[in-house]
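Geometric and topological summary
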Amino acid sequence: MSRKPIIAGNWKMYKTVKESVDFVKQLEGKLKDVTDREILVCPTALAAASVVDALRFTNIQVGLQDAHWENEGAYTGNISPIMLKDAGVHYIILGHSERRQYDNDTDHRINAKLKNVLRSGLKAIVCVGETLSEREKGQTEKVVETQVNGCFEGIGLGDLAGIVIAYEPVWAIGTGKTATPEQANEVHSFIRKLIGKKYNAEASEKIRIQYGGSVKPENIKQLMAQLDIDGALVGGASLKVDSFTAIVRF
Ligand code: 13P
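The notes below deal with the structure included here. Since this is a predicted model, take the numbers as computed values, not measurements.

It is worth spelling out helix α5 (residues 107-119) at this point. For α5, built from 13 residues, the straight-helix expectation of 18 Å at 1.5 Å per residue is met to within 8% by its first-to-last C-alpha distance of 18 Å. Regarding α5, the residues found buried are D107, I110, N111, K113, L114, N116, V117 and L118. At its buried positions, α5 is contacted by α3 (81-86), β4 (91-94), α4 (97-102), β5 (123-128), α7 (140-151) and β6 (163-167). G121 sits one or two positions beyond α5 and adopts a positive phi of about 85 degrees.

Once that is clear, we can look at the sheet that holds strand β1 (residues 6-10). In space, the eight strands of this closed barrel follow the order β1-β2-β3-β4-β5-β6-β7-β8, with parallel pairing throughout. Each strand axis lies, on average, 25 degrees off the axis of its neighbour in the sheet, ignoring direction. Here β1 runs beside strand β8 (residues 231-234); their pairing, made up of four bridges, is parallel. Pairing of I6 across the sheet is with G231, part of β8. Each of β1, β2 (38-42) and β8 is contacted by helix α11 (residues 241-249), which is oriented at about 160 degrees to β1, the strand it contacts most.

Take the site of the ligand next. N10, K12, H96, E168, A172, I173, G174, G213, S214, L233, G235 and G236 make up every residue found near the ligand. Between the ligand and the protein, one listed contact pairs an oxygen atom with a backbone N or O atom of G236 at 2.8 Å. Burial of the ligand by the protein chains amounts to 95% of its free accessible area of 310 Å². Of the residues contributing to the shell around the ligand, the split by class is three nonpolar, seven polar and two charged.

Turning our eyes to something else, we now look at the packing of aromatic side chains. Taken as a whole, this structure holds three aromatic pairs when the rule is applied. Here W11 and F23 contribute two aromatic rings whose centre-to-centre distance is 5.0 Å and whose plane-to-plane angle is 75 degrees, an arrangement assigned as edge-to-face. Taken together, the residues span a long stretch of sequence, with W11 in the loop between β1 and α1 (17-31) and F23 in helix α1 at a distance of twelve residues. Residue classification places F23 among the buried residues on the basis of a relative accessible area of 5%.

As a further point, take the pattern of salt bridges. Applying the stated rule across the entire model yields 21 salt bridges. As a salt-bridge pair, K12 and E98 come within 2.8 Å of each other at their nearest N and O atoms. You can see K12 sitting in the loop between β1 and α1 and its partner E98 sitting in helix α4, a full 86 residues away along the chain. The partner of D242 in a salt bridge is K30, with the nearest N and O atoms 3.5 Å apart. Note that D242 is positioned in helix α11 and K30 in helix α1, a separation of 212 residues in sequence.

Okay, the packing of α7 against helix α8 (residues 181-198) next. Angle between the axes and distance between the axes: these two values describe a pair of packed helices. Two numbers describe how α7 lies on α8: the axes approach to 11 Å, and their chain directions differ by 45 degrees. Put simply, α7 runs oblique to α8. Pair α7 / α8 crosses with right-handed handedness. Residues T140, E141, V144, E145, V148 and N149 of α7 lie in contact with α8, whose contacting residues are V187, F190, I191, L194, I195, K197 and K198.

Quick look at the pairing of strand β3 (residues 60-64) now. Within β3, five of the five residues are buried, leaving the element largely enclosed by the surrounding structure. Here β3 shows two buried faces, one formed by I60, V62 and L64 and the other by Q61 and G63. Sheet analysis places β2 next to β3, joined by three bridges and oriented parallel. The residue of β3 that forms the bridge with I39 is I60. Handedness of the crossover joining β2 and β3 through helix α2 (residues 45-55): right-handed. The sheet contact formed by β3 and β4 spans two bridges and is parallel.

Thresholds, definitions, all that
Residues numbered from 1 in each chain as written. Predicted model: local features only at pLDDT ≥ 70, side-chain atom pairs only at ≥ 80, totals over all residues. Heavy atoms only, no water. Helix = DSSP H or I, 4+ residues; strand = E, 2+ residues; numbered from the N terminus. Expected span 1.5 Å × (residues − 1). Buried < 20%, exposed > 50% of the residue type's maximum accessible area, 1.4 Å probe, protein only. Contact = heavy atoms within 4.5 Å. Pairing = 2+ DSSP bridges. Axes fitted to C-alpha atoms, helices over the stretch in contact; angles between N-to-C directions. Near = heavy atom within 4 Å. Polar contact = N/O pair within 3.5 Å; in protein donor to acceptor, adjacent residues only side chain to side chain. Areas by Shrake-Rupley, 256 points an atom, 1.4 Å probe, with all protein chains shown as cover. Nonpolar A, V, L, I, M, F, W, Y, C, P; charged D, E, K, R; others polar. Phe/Tyr/Trp six-rings, centres within 6.5 Å; stacked < 30°, edge-to-face > 60°. Salt bridge = Lys/Arg side-chain N within 4 Å of Asp/Glu carboxyl O. Parallel < 35°, antiparallel > 145°, perpendicular 65-115°, else oblique. Left-handed = near helix turned anticlockwise from the far one by under 90°. Right-handed = clockwise from strand over helix to strand, strands pointing away.

Put into structure tokens, the structure is as follows:
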């Protein structure tokens, strides 16, 4: 089964509104002809509406880096999926390790957010991945399995079409240390089997699993050559037009 590659840029807390708009205007010109992969940029919530505007009628979609589990209420500082859907956003990244580390995202919360994102008609990228010490203790599979089980609690087979999984080993994020393509693929194939066990063989064949962690123009080809790697969630290298363009075109 062929899965359409999905390349996403996670801009984290970088770029002002103007920088974001200038960036996507340049990017759009460079990627106009690309039709065989899904392209996504994930700016800050502040820049989202302007970026959506700048990318209207293009082949580049817009994602956000988080969204709340409720659609409105007294939640100071938060933003909800229906507001983002209304602004023209397509995807929400959920459970990024930085949010797990600094913003109290637990599997339980990510699960609640995921349900609300899907209810709101948006798609989700659900991030999982082990820390260095977990890997060194041989706990990678156990950690990833716990995360997948927690995040997917109560998620039905029919919901899977709106979900992409991102495997991001925490030790490879922003460190320049990429997992080797084989190391990454091993975990991707483990996650795919897990989805097969939880759902069925067709679901496991269909679901797309992105790799994230020091993806660069120099390593994207080898990563994408792996059987179970269907895309990339790119941090640092997505902040420059040239490097992100090269990664999308791998
Ligand atoms: P880097 O590409 O900077 O390692 O970040 C990866 C990441 O966290 C993407 O979500």
